[in-house]
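Overview (structure and organization)
Chain residues, written in single-letter form:
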Amino acid sequence: GVSPPKRQPPPPVSPARIKPAPTPPIKTKPLWSPSASQNAKKQEAFEVPLETPELDLEREIESCLQALCRQADSYHKLRSKLGLVGREDVEIKASEITKALSTLGLKLGPAGITALMRRVSATPGDAPTPAALSSSVLRNYLLKLKLSRRDGKNPLSLADWNAAKKQQEAIEQTKRQREFQKALAGNYFELDEEFFDSMIESFEIVSSEVMTREIHARGVDWLGSNEGIRISRRKAMAEELKRGERLIDDDDKTEILHSAKLAALAEKKVLLAEDEKKSQETSKWLFRLYITSNRRKGFQDCAKFVDWCRKREDNRQAIREARKEWVEEKDGKAKKRAEAGSKVATVADVEELVKDLVAAATVETKNSGGVSVVKPSRQGLELSKKLHALEKLSGDGKIVSKCTFDEVMHDLIFSLLADKKTSKQARSLVTGFLKDAAAGGSASGIFTEDEGGKVAERALKIFKEKKALSDDTFKSWCKKKKRQQKEAKKAKKADLKKKKEEKKAKAVKAEEAFTEWLALHERKQYYSFKRKEQVAVPKRIKKTGLKEWKNVPLDADGNPVEDGSENVNDSNVALE
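Residues numbered from 1 in each chain as written. Predicted model: local features only at pLDDT ≥ 70, side-chain atom pairs only at ≥ 80, totals over all residues. Heavy atoms only, no water.

Comments concerning the overall build of the protein chain
When its secondary structure is counted, the protein chain shows 20 helices and 13 strands. Among the 576 residues that make up the protein chain, the fraction classed as buried is 27%. Restricting to contacts in the protein chain with at least 6 residues of sequence separation, those with at least 24 account for 58%. Split by element, the accessible area of the protein chain, about 40900 Å² in all, is 53% carbon and sulfur. (Helix = DSSP H or I, 4+ residues; strand = E, 2+ residues; numbered from the N terminus. Buried < 20%, exposed > 50% of the residue type's maximum accessible area, 1.4 Å probe, protein only. Contact = heavy atoms within 4.5 Å. Areas by Shrake-Rupley, 256 points an atom, 1.4 Å probe, with all protein chains shown as cover.)

Shown next, in the form of structure tokens:
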């Protein structure tokens, strides 16, 4: 068994609480309270002694059960196991209560369950113990234990507890509303995201006018998505099938697809409106977009939610206007291309004209010495690069249309407009053909209608002439290159021959010098450059007794010579 912990002696038992009948023997079983989550201490077990007549068993069991009910998870588990949740008023047997308490760690013996049954039912001392309890009585008893104070004094009534709970909920609701108003004003707020939906469902944050525009915008965005395109095409195909096997032209197909898109958009807008009415789907989506935008800005200089919604519509309107301008500009360019599409010119004429215009755009300035210098006024035109692109786009025919010229050369011609010398011709090129006559320019006269293929024939002729000229130039260059290579090869060969002859002459000369030296050596003579004649090699002896060997000059009789100026080698004299 487990030894009981140190406990304070129980309070004296009043005579009214003493049962007249003798207490049945109690088996030694641990009774403990799972209060670890409340006091962060290890759950302690205690024993009920075999002979403790002064112990109030009902109070001890109630104390353990109270500690159990104070834990939220244990309280709800006990209610669930006893069937007190959503159950009508039924009788719960003592065995069911014992089993439910044992699963939560509170094991009661026969005396313990008897004391609990009498305590809950408030059975007087001389009355028999009930075998079952009403579910409503047991539910109220457990709630009373949960709400009672730890010291057991002045327990809260259910009405007081409900009132305090409602008051606390009202305070929290007011705080959440205040934080929600801060969020709508664009300020920093402290509200959990789980309360966003409840706040939006409680208040109307988007007006009906703004909501209509947002639903329409969301529908248009959906229509451009994969789902919207798929549904629109299905509706269009269904409409085409209704018309039978009759051949449908392209205009009718375009009209059918447009009608299908409008029908799909109307259905989507109805669905979005229903979702907004049921669960404020669009309002929640807008509010989360607004909060995300403010968080990215760090809640600095954030507009109010109402102004932000209005600004969204203004931005959409600006985008629609910009798109309209872009479409008009694109259509205008297409119209000009159509008008200028039949006007063509040869690449050679265009290159000559542009080069002349760029060369004419000059300005006269004075350098540091005061001398007048003519410099080009247009810089960074990338003329050669644009001419190469123009020639590449001209194809094999070597003719270029006016619209192609405008696409490639528009910025270059526009730059030439700033120079007074070239502005007139540049203006006639940069404008459309309908305005050329009014501009009074003649430069665009190089672009004409290709009637009968005359321009193409002329361009091909010029191209062939240029190609023939370039071929002749290339052939001349090749001949000159080959001649230069042949001359270089011949010069290299002559140089090698000369070097070989010089090397051979040096070898012969060296052989002769060696033969002459060898003949002198055999006669024990050498040529003295100092005396300019052949002299005999002096005799030398080795003198011992020194650390190193030393050559000593000798005379004709073999004796050492004191003065080494005679009969010595010139090199030795120089060394001394």
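Having put the structure on the table, let's press on.
Focus: the packing of aromatic side chains
A complete count under the given rule lists 13 aromatic pairs for this structure. Between the aromatic rings of F305 and W308, the centroid separation amounts to 6.1 Å while the plane-to-plane angle is 25°, which identifies the pairing as stacked. Separated by three residues within a single helix, F305 and W308 lie in helix 13 (residues 305-340), roughly one turn from each other. Taking relative accessible area as the criterion, W308 reaches 15% and is therefore assigned buried. In this structure an aromatic cluster arises from ring pairing among F180, Y188, F189, F196, F203, F287, Y290, F299, F305 and W308. Its end group placed over the ring of F195, R176 keeps NZ or CZ at 4.5 Å from the ring centre. Stacked on the ring of W285, the Lys or Arg R218 has its end atom at 4.3 Å from the ring centre. (Phe/Tyr/Trp six-rings, centres within 6.5 Å; stacked < 30°, edge-to-face > 60°. Lys NZ or Arg CZ within 6 Å of the ring centre and 35° of its normal.)

Some points on empty space enclosed by the protein
Applying the stated criterion across every chain, the model contains one cavity of 30 Å³ or more. Around the largest cavity, the lining residues are L65, L78, L82, I97, L101, L116, V120, L133, L138 and L142. Residue assignment for the lining of the largest cavity shows that the elements contributing at least two residues are helix 4 (94-103), helix 5 (110-121) and helix 6 (135-147). Residues that form the lining of the largest cavity fall into these classes: 10 nonpolar, no polar and no charged. (1 Å grid on protein atoms, 1.4 Å probe; cavity = no way out; pocket = protein on both sides within 12 Å on 5 of 7 lines; lining within 4 Å. Points joined across faces, edges and corners; volume = space filled by probe spheres on them. Nonpolar A, V, L, I, M, F, W, Y, C, P; charged D, E, K, R; others polar.)

Details of unusual backbone geometry
If you check the backbone angles, F299 has positive phi at about 55° while not being a glycine. Looking at the secondary structure, you find F299 in the loop between helix 12 (281-297) and helix 13. Phi is positive for D301, which is not a glycine, with a value near 55°. Judged by its relative accessible area of 79%, D301 falls in the exposed class.

Describing the nonpolar core
Grouped together as the largest cluster of nonpolar side chains are 31 residues, with contacts concentrated most on L65, L78, I97, L116 and L142. Only helix 2 (57-70), helix 3 (72-81), helix 4, helix 5 and helix 6 provide two or more residues apiece to this core. Apart from residues no more than four positions distant in its own chain, L65 is found in contact with L78, L101, L106, L116, Y141, L142 and L145. Counting residues in each nonpolar core, the second largest holds 21 residues, with F196, V210, M211 and F305 among its members. (Core = buried A, V, L, I, M, F, W, Y, C linked by side-chain atoms within 4.5 Å.)

Here we look at the confidence of the model for the protein chain
In this model, the protein chain carries an average pLDDT of 76, and 75% of its residues clear a pLDDT of 70 or more. Predicted confidence for residues 1-10 stays below pLDDT 50, and this span has nine contacts to residues more than four positions away or in other chains. (pLDDT = per-residue confidence, 0-100.)

As for the pattern of salt bridges
Scanning all chains against the criterion turns up 17 salt bridges. Between R176 and E172 there is a salt bridge whose closest N-O contact spans 4.0 Å. Remark: E172 and R176 occur in helix 7 (residues 158-184); sequence separation between them is four residues, near one turn of the helix. Between R312 and E214 there is a salt bridge, and its shortest N-O distance comes to 3.2 Å. Placement of R312 in helix 13 and of E214 in helix 9 (residues 208-223) is noted, with a sequence separation of 98 residues between them. Counted as one network, the salt bridges with shared partners bring together E209, R213, E214, R312, E313, R316 and R320. (Salt bridge = Lys/Arg side-chain N within 4 Å of Asp/Glu carboxyl O.)

Section: a negative patch on the surface
A contiguous patch of negative charge on the surface is contributed by D249, D250, D251 and E255. The topology assignment puts D249 in the loop between helix 10 (226-242) and helix 11 (250-279). (Patch = residues over 30% accessible without salt bridge, like charges linked within 9 Å, V, L, I, M, F, W, Y side chains within 5 Å. Lys, Arg positive; Asp, Glu negative; His and termini not counted. Charge placed at Lys NZ, Arg CZ, Asp CG, Glu CD.)

A look at helix 2
With 14 residues, helix 2 should reach 20 Å at 1.5 Å per residue; the first-to-last C-alpha distance of 20 Å fits that figure. Summarising burial for helix 2: 11 of the 14 residues are buried, a large majority. (Expected span 1.5 Å × (residues − 1).)

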